[in-house]
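# Observations on the three-dimensional arrangement
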Amino acid sequence: MSKIIENLFYSKVGQSLLGALGVKPAIELHRYQGETPWVTSSILLPQTPSSSLAEVLTQADIQFEVLHEGQDNRHSAALFDATAFKTSHDLTALKTFFAQLTKRLNPSSHIVILGLNPEICTDIEQASAMEALNGFTRSLAKEFGRKAIMANVVYCHNVNAAITTPLNFLLSHRGAYISGQPLYVDDSTKPTQAWQKPLNGQLALVTGAAQGIGAAIAKALTREGATVIGLDIPPAKQALEATLAPLNGIAVTADITASDAVEHVINALAGKKLDIVVHNAGVTRDKTLARMPEHFWDMTININLAAPMNITTALEQQNQLNDDARIICISSISGIAGNVGQTNYSASKSGVIGYVRKQAKLWANTNKTINAIAPGFIETQMTDEIPFMTRELGRRMNSMSQGGRPEDVAQGVVLFAQPGSHSLNGQVLRVCGQSLIGA
């Protein structure tokens with residue numbers, strides 16, 4: 001019955017009725033299709049870029065055009081460099097530029113505002129102006145969200161090679177379903193990466209890889225050149241093998257909470273070390289707290305939180321991680337905003353964020369990085385089981401008025417896995433279409 005209602009809802013008749021009530025259908029997002037360069041057309045700038053920003057754009061293979069009076073051609077990306085702002089009066093330039101963009105950006109475009117990390121600003125007024133970029137970007141994203149235009153802010157220490165990969169990502173269709181979010185880039189710089197198959201020759205472990213988001217992550221990493229070891233529970237063996245076989249990946253069945261889980265992974269490594277670890281496996285066991293069985297609580301905490309920490313620690317202690325390994329943990333918007341009946345799940349996913357932030361500090365003087373992704377409402381087999389109206393509300397409760405796709409989360413994983421993302425550490429990237437709750 002739920003599927004019948006949904007089909008009627010999305011039929012021409014259903015959409016016409018909704019249109020008469022003022023409810024417009026969501027604009028379909030453009031998603032990355034393997035383009036090279038990542039940003040396929042010139043981006044719009046408010047003025048001629050500084051020499052350092054021009055160098056970054058050249059390194060990222062991004063063409064640009066400066067906004068001028070009478071210009072009427074449309075763009076799919078825009079970049080505003082606010083790193084030179086000193087006072088609150090400088091913020092007026094944001095209003096001047098972005099007020100002109102409404103008719104100059106295509107649907108599903110990408111906006112990035114570049115600023116200095118407020119924590120490194122020694123002047124109080126400058127720090128205030130830089131923090132203002134965050135609030136401006138979040139509001140701008142909500143204004144432009146109805147046109148499926150995404151806006152994000154990148155905070156840096158300097159305009160240099162450290163920002164090249166995250167900037168290229170957020171200005172391209174790789175960043176679909178990411179909006180209203182800040183990324184903080186540290187000052188570590190290395191040579192820029194290859195833009196085609198940047199993960200060539202790398203070895204990745206993806207837990208919970210049999211289906212859904214995990215399968216999408218395995219496919220995305222393989223497409224970028226990595227060899228994937230997919231791990232899932234024994235009952236999912238058939239689905240896991242079906243996912244990994246076309247990817248020439250390695251299927252490993254094990255319970256990630258078991259004491260021998262890491263041993264199974266090491267056996268699959270065959271003497272090699274891991275470059276990428278994606279802790280995706282997770283469960284939900286929803287009940288209000290008073291009605292929650294103890295084993296629901298224990299299972300959720302053990303799988304979602306304890307297992308990623310234990311596995312990463314064991315791999316590091318046994319020297320199974322390469323020196324510049326990338327660890328990516330899948331958290332959830334539920335871990336940020338909370339949900340009724342999900343005290344166990346929300347606690348576990350919030351704990352993942354705490355783990356990532358602390359581990360990032362412990363690795364600050366190494367080449368290893370660890371980051372988290374917090375998905376919002378993502379269309380998967382799990383969400384297909386949700387009653388239609390509840391599912392439709394989940395889709396609508398964000399600035400894009402639609403659910404995300406597993407590949408949106410997978411692209412976020414690819415961002416953090418890239419060699420050029422060495423300057424991203426301890427980040428929590430929300431892939432949620434700018435959820436209206438908790439984000």
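This section reports on the structure supplied with the text. Just so you know, these numbers come straight off a predicted model, no measurement behind them.

### Points about the sheet that holds strand β8 (residues 227-232)
If you trace the 7 strands from one edge of the open sheet to the other, you get β9-β8-β7-β10-β11-β12-β13, paired in parallel fashion. Sheet topology places β9 (250-253) and β13 (428-431) at the edges, where each strand pairs with a single neighbour. Taken pair by pair, the neighbouring strands of this sheet meet at an average axis angle of 20°, ignoring direction. Strand direction decides the pairing type here: strand β11 (residues 321-330) and strand β12 (residues 369-375), joined by 5 bridges, are parallel. Residue pairing for β12: I328 is matched across the bridge by N371. Along the sheet face, helix α9 (residues 261-269) touches β7 (203-207), β8, β9 and β10 (274-279) and points at about 160° away from the line of β9. Sheet strands in contact with helix α12 (residues 343-362) are β11, β12 and β13, and its direction is about 155° off that of β12.

### Some points on the side chain of N425
Residue position: N425 is located in the loop between α15 (406-417) and β13. A distance of 2.9 Å separates the side chain of N425 from the backbone nitrogen of I370, its partner in a polar contact. If sequence neighbours within four positions are ignored, N425 has contacts with A360, K368, T369, I370 and N371.

### Remarks on the pairing of strand β4 (residues 105-116)
Walk down a regular strand and you will see the side chains alternate between the two sheet faces. Counting buried residues along β4, 10 of its 12 residues qualify, which places the element largely inside the surrounding structure. Taken together, the 6 bridges between strand β3 (residues 75-81) and β4 define a ladder with parallel strand orientation. Note that in β4 the partner of H75 across the bridge is L105. The parallel pair β3 and β4 is bridged by helix α4 (residues 92-98), and the resulting crossover is right-handed. Pairing of β4 with strand β5 (residues 150-156) involves 7 bridges; the strand directions are parallel. Looking at β5, one finds that I111 is bridged to A151. For the crossover from β4 across helix α5 (residues 124-144) to β5, the handedness is right-handed.

### Some thoughts on unusual backbone geometry
The linkage connecting T36 with the following residue, P37, adopts the cis geometry, with an omega of 0°. Position of P37 among the secondary structure elements: in the loop between α2 (12-20) and β1 (43-45). You will see that A148, though not glycine, has its phi angle at about 60°, which is positive. Residue A148 is classed as buried on the basis of its relative accessible area, which comes to 2%. We note that N319 has phi near 60°; this positive angle belongs to a residue other than glycine. Looking at the element boundaries, N319 is found in the loop between α10 (294-317) and β11. Taking relative accessible area as the criterion, N319 reaches 47% and is therefore assigned partly exposed.

Cut-offs used in this document
Residues numbered from 1 in each chain as written. Predicted model: local features only at pLDDT ≥ 70, side-chain atom pairs only at ≥ 80, totals over all residues. Heavy atoms only, no water. Pairing = 2+ DSSP bridges. Helix = DSSP H or I, 4+ residues; strand = E, 2+ residues; numbered from the N terminus. Axes fitted to C-alpha atoms, helices over the stretch in contact; angles between N-to-C directions. Contact = heavy atoms within 4.5 Å. Polar contact = N/O pair within 3.5 Å; in protein donor to acceptor, adjacent residues only side chain to side chain. Buried < 20%, exposed > 50% of the residue type's maximum accessible area, 1.4 Å probe, protein only. Right-handed = clockwise from strand over helix to strand, strands pointing away.

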